[in-house]
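Topology and contacts: notes
Below, each chain spelled out in residue letters.
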Amino acid sequence: MSDSASVKMPLELHRDPIMAEPDEEHPLLRDTDRPGWWGWIDKQSEQVSRHLNPILIKEARQSLKSRQFAVTFFLLLVTSWFWMIIGVVTLAPDIYFVPSGADLMSGYYFLLAIPMIAMVPLAAHRSLAAELDEGTYELLAITKLTSMRIVTGKLGSAVLQMLVYFAALVPCFAFCYLLRGIDMVMIGTTIMLVFGVSILLTTFGLLLATVVQNRAGQIFTLLVLLGVIVFSEFLCGAFVLEVIMRQQIFWNGEGVVFTLLFSAVTVSCMVMFVRAAAARIAPITENRSTRLRWIMFAQQLIWIASIATLALWYSEEVVLQFGIMIQGGYWLLMGTLMLGESSELSPRVLRTLPQTTFGRMMMLWFSPGPGTGFMFAITTGCAGMMSLGMVAVLFSINNAFDPLTFAFLMMGYLMMFLGGSRLIVLPIAWRMGNTFAIPCCVTAALLALGVIAPAVFMTITTGGPSQQYGMQEFTNWIWTIDRSFSRSSSIEAVAFISFLSGGTVFVVNLFLLIREFTYRRVAVPVRVIADSEK
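Residues numbered from 1 in each chain as written. Predicted model: local features only at pLDDT ≥ 70, side-chain atom pairs only at ≥ 80, totals over all residues. Heavy atoms only, no water.

Overview of the overall build of the chain
Within the chain one finds 21 helices and zero strands. Evaluated residue by residue, the chain yields a buried proportion of 42% over its 534 residues. Counting contacts in the chain only where the partners sit at least 6 residues apart, residues at least 24 apart contribute 80% of the total. Per element, the accessible surface of the chain, about 29600 Å² overall, is 70% carbon and sulfur. (Helix = DSSP H or I, 4+ residues; strand = E, 2+ residues; numbered from the N terminus. Buried < 20%, exposed > 50% of the residue type's maximum accessible area, 1.4 Å probe, protein only. Contact = heavy atoms within 4.5 Å. Areas by Shrake-Rupley, 256 points an atom, 1.4 Å probe, with all protein chains shown as cover.)

The following block contains the structure:
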């Protein structure tokens, strides 16, 4: 009996883990259509996986396995643990009696801001820049993936990294809450601020990655992104420490309205950056401008609503003047970039042009091209600035005509500098081709010349630059805008001269828009219709 037992026991123990019953099915061979709770989960998971962006899956696997993510995540855990020990030891024994959560929360904010605001945007920027630089983007371009899905896949991978970093520090925020001194509103506001700024910088980094594709240009764009990141770190840090941690923000009606307006402007900028990055890497035969111009138009509506709401809330004309100034600078920048678009329209773009006369009058300026872009920037920008200027008059805000006068001044500057830039860029582009660098350099030179020219003129005529503001300084936009905010008595005459000069330059540009008015819609070929029906 003892001998047989000693023989059978090892055989049974050895056979059970390896051998399976003949009627049992291996778990890896089970069908996802099998009934039950786990079968339903398998079916739902398979359906969801089919709709996921393949770029998101690829980037998530690469980024989460990369050395940069591993080192950053490990350092984040170690430094958060170290800060907790240092904070508790330093604040003891008062930590048992005095609310100390705000002190520890300040350190945890900086621990979270460094990977979120710095590392994630830089990683996303480098990921897309490497695709374009190493030539791997051509392999993606021949697939069915659109440029928009490629960019959103990169963005989704960055958001996934953000969530992982959040998961590492959320328990630390809960520890700060238990120490008293902060509430859930402060913690939620800090998290939303860091998350929003991180996504905004990530989308901006993706856009910068598509601007240039050579090594020297990529180094320059990387430096620009680093500068923006450093500025954002200091700005967000000051806001968190001075406003949120000191409980200077109040979630009353004013705080909610301001937050909603600021969030709307921020989200519109994110959408603009993502769409612009996708347009930069899209095939040249596609319409890469119309959607961007619709986004610009929507951004202007959001800005007008935001500034008008704040101006009526505070009943201050300075708010309207600030909004008009930002609008003028925005449309000068957008118009300058649109001057670098190609003047040749592909047959695919010509098939989407409006057909009727009224449609061409209203919608032609949304079509690609430097001429249509110039008209779109001038007409939309002037209409927006005039709308903000009329808000003070219609609602009887203090000094109601100051914003209207300032609107005419900024409209004159927009037509003057953007129109002058187009007149200079046209012959250069005809000989060297359309690029974004030429309009940007020309506009920057004209802005600098507008400031320097009056000083040079006064030095030649009187022996030295003018110490007092005069009519000859109307091209000096910096001095003129400063005088406008200080309510100078001569600003009405300067605004009239500026608007008249800008209008003259605009009329000259109208005679050079003959080609844009000749655009006509072409019929879709029968072969294309047949291919689309398959």
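Some words on the side chain of Ser-106
With respect to the helices, strands and loops of the structure, Ser-106 is situated in helix H5 (residues 101-133). In this view, Ser-106 contacts Leu-241 and Met-245; residues no more than four positions away in its chain are not counted.

Some words on a nonpolar patch on the surface
There is a patch of nonpolar side chains on the surface, built from Trp-81, Phe-82, Ile-85, Ile-86 and Val-89 and spanning about 510 Å² of accessible area. Here Trp-81 is to be found in helix H4 (residues 67-91). Its relative accessible area of 53% is what places Trp-81 among the exposed residues. (Patch = residues over 30% accessible without salt bridge, like charges linked within 9 Å, V, L, I, M, F, W, Y side chains within 5 Å. Salt bridge = Lys/Arg side-chain N within 4 Å of Asp/Glu carboxyl O.)

Remarks on unusual backbone geometry
Here the phi dihedral of Arg-180 falls at roughly 70 degrees; this positive angle occurs in a residue that is not glycine. Here the phi dihedral of Ser-315 falls at roughly 55 degrees; this positive angle occurs in a residue that is not glycine. With respect to the secondary-structure elements, Ser-315 resides in the loop between helix H11 (290-314) and helix H12 (317-338). On the basis of relative accessible area, Ser-315 is assigned to the partly exposed category, the value being 32%.

Considerations on the packing of H12 against helix H17 (residues 437-462)
Between H12 and H17, the least distance of the axes is 8 Å, while the angle of their chain directions is 140 degrees. As far as their axial angle goes, H17 and H12 are oblique. Residues Leu-332, Thr-336 and Leu-337 of H12 form the contact with H17, whose participating residues are Pro-439, Cys-440, Thr-443 and Leu-447. Along the lines of polarity and charge, the residues of the contact of H12 with H17 split into five nonpolar, two polar and no charged. (Axes fitted to C-alpha atoms, helices over the stretch in contact; angles between N-to-C directions. Parallel < 35°, antiparallel > 145°, perpendicular 65-115°, else oblique. Nonpolar A, V, L, I, M, F, W, Y, C, P; charged D, E, K, R; others polar.)

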